[in-house]
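Residue-level listing of the chains:
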Amino acid sequence: MKLKDQIVIWGSGTRGMGAYYALRKSYEILGFLDSDPEKKHMEIVDGKKVLESKPAGCLVIIACGRWMEVSRLLLEKGLRLCMDFLPYHMLMMEEIRLNDLLYCFRAEDIAAYLKEVRDRKQVALIYGNCQIDIMANMMEYNEEFRRRYILLRVPPVHLYKDEAHIEKVLYSDEIMKLVDLFIFQCVREDNRYSAKLGTAHIAEGMGKGCRKVCIHNLYFDGYFIQYDSDEGKYLKNMDEKSFPYTDVIVDMLLEDKKGTEEIIQLISKDDFVPKEKIETRCRKSIENLCAREKLVDVPIVDYIREHYKREQLFYTHNHPKNIVIYEYVKRILRVLEIDCVDEFTEEELNLEFGTLRINNFPVYPCVVKALGLEKYETKARISHISPGLVTMRQYIREYISRCCGVE
């Protein structure tokens, strides 16, 4: 980007110091600015002090956690994005969250920034469900991907507030026409939120030269014989009981007049459900994924088929573990002709990139035995009810009490 040679850094804390050391060889740094009046004239580093005000003709680089608040303050004073100030992460072309930018700046100003960026990089946008944010983290970790692309992130489909929010983020023509690479999970028009979140509509707003890469909604329900795909029951439990899923096994046993303790004892048996039934469910789940794979540009079924019996690959039917997501990201990068050679343990993946263990089903003992699972989750998580992990016994008790009204 074509920037002024002289800059001041807004923020004299840890982030401001980090920006100073990262930028001092490329720019003449005149000093610092800070919203804390007690820091005025304080020497920060190398004789550089906190200044009274912005010197004329220089660029303000915002390097603090409150960059949105500071940006809005500077805009109110008549300063302009790119011309007079720029948040540090935008200068470095790192983690560009379009939702946040649109909260601060006009779409045309963001488009002007992206046009400058395109002198050095292509603009990529990634879109889909809750899996997308971790995929983005993994992509941006790759040095070659960062060299080629600036990645625009938008909220996953379930986080849009209303139609106006959708229009503002996904239908800003000035911005969408600048997208060179659109990586997306297929979202149908008849999704539960809004037809405007459908990827077919969104893709129409991209420029003619935009490359489109359709990827999987990673899914496998073979481990979870208790899972009920009835969306009406799911929403009812979420809205009324704060319990995210329906357990058809427990429901069936309650209909048979079984008590809570008896249900727990039955489910705890490793021959509770016949092996053939569990294997059939896994096979159908893989067949379903194979059918979906015909519509995407990056395959993954072979990996799931080869590994699902060795260790548990999913926390819930649609929340894959990071070992699956990272394998898939490596395949997406290969489609983009980018090598990915970094290797991680599961623990390292979770620490570095976050995890989708928001909720997770317990895997019933009969499933563990039928599949011969060597590595599996022994605890469950119900995020709306408990911040920690719970045993299968506790999980079943909570479900029966909350969703079925049985004490």
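Refer to the structure printed above.
Residues numbered from 1 in each chain as written. Predicted model: local features only at pLDDT ≥ 70, side-chain atom pairs only at ≥ 80, totals over all residues. Heavy atoms only, no water.

**A word on the overall build of the protein**
- Broken down by element type, the protein carries 19 helices and 16 strands.
- Along the first, second and third principal axes, the C-alpha set of the protein runs to 80 × 50 × 40 Å.
- Expressed as a percentage of its 407 residues, the buried residues of the protein come to 51%.
- Of all intrachain contacts in the protein linking residues separated by at least 6 positions in sequence, the fraction that spans at least 24 positions is 70%.
- Taken as a whole, the protein presents about 19,700 Å² of accessible surface, with 47% of it coming from carbon and sulfur.
- Averaging the locations of the 61 positively and 66 negatively charged side chains of the protein gives two centres separated by 1 Å. (Helix = DSSP H or I, 4+ residues; strand = E, 2+ residues; numbered from the N terminus. Buried < 20%, exposed > 50% of the residue type's maximum accessible area, 1.4 Å probe, protein only. Contact = heavy atoms within 4.5 Å. Areas by Shrake-Rupley, 256 points an atom, 1.4 Å probe, with all protein chains shown as cover. Lys, Arg positive; Asp, Glu negative; His and termini not counted. Charge placed at Lys NZ, Arg CZ, Asp CG, Glu CD.)

**So, the pairing of strand 8 (residues 122-127)**
- The element strand 8 is largely enclosed, with a buried count of 5 among its 6 residues.
- With 5 bridges connecting them, strand 8 and strand 9 (residues 149-153) associate as parallel partners. In the sheet register, glutamine 122 faces strand 9, and the bridge partner there is tyrosine 149.
- Pairing analysis gives 4 bridges linking strand 8 to strand 10 (residues 181-185), with the strands arranged parallel. Along strand 10, the bridge assignment pairs leucine 125 with phenylalanine 182. (Pairing = 2+ DSSP bridges.)

**Topic: the sheet that holds strand 7 (residues 96-97)**
- Taken in spatial order, the 5 strands of this open sheet run 7-9-8-10-11, and their pairing is parallel. Of all strands in the sheet, those bounded by a partner on one side alone are strand 7 and strand 11 (211-215).
- As paired strands, strand 10 and strand 11 are joined by 5 bridges and run parallel to one another. When the bridges of strand 11 are listed, phenylalanine 182 appears paired with lysine 212.
- Against the sheet, helix 6 (residues 132-141) makes contact with strand 7, strand 8, strand 9, strand 10 and strand 11, and its axis sits at roughly 165 degrees relative to strand 9, the strand it touches most. (Axes fitted to C-alpha atoms, helices over the stretch in contact; angles between N-to-C directions.)

**As for the side chain of lysine 121**
- Relative to the assigned elements, lysine 121 resides in the loop between helix 5 (107-117) and strand 8.
- In this structure, lysine 121 is buried with no salt-bridge partner, the nearest side chain bearing the opposite charge being glutamate 94 at 7.7 Å.
- Polar side-chain contacts of lysine 121 include one of 2.7 Å to the backbone oxygen of arginine 146.
- When near neighbours in sequence (up to four residues on either side) are disregarded, lysine 121 contacts Met93, Arg146, Arg147, Arg148, Tyr149 and Ile150. (Salt bridge = Lys/Arg side-chain N within 4 Å of Asp/Glu carboxyl O. Polar contact = N/O pair within 3.5 Å; in protein donor to acceptor, adjacent residues only side chain to side chain.)

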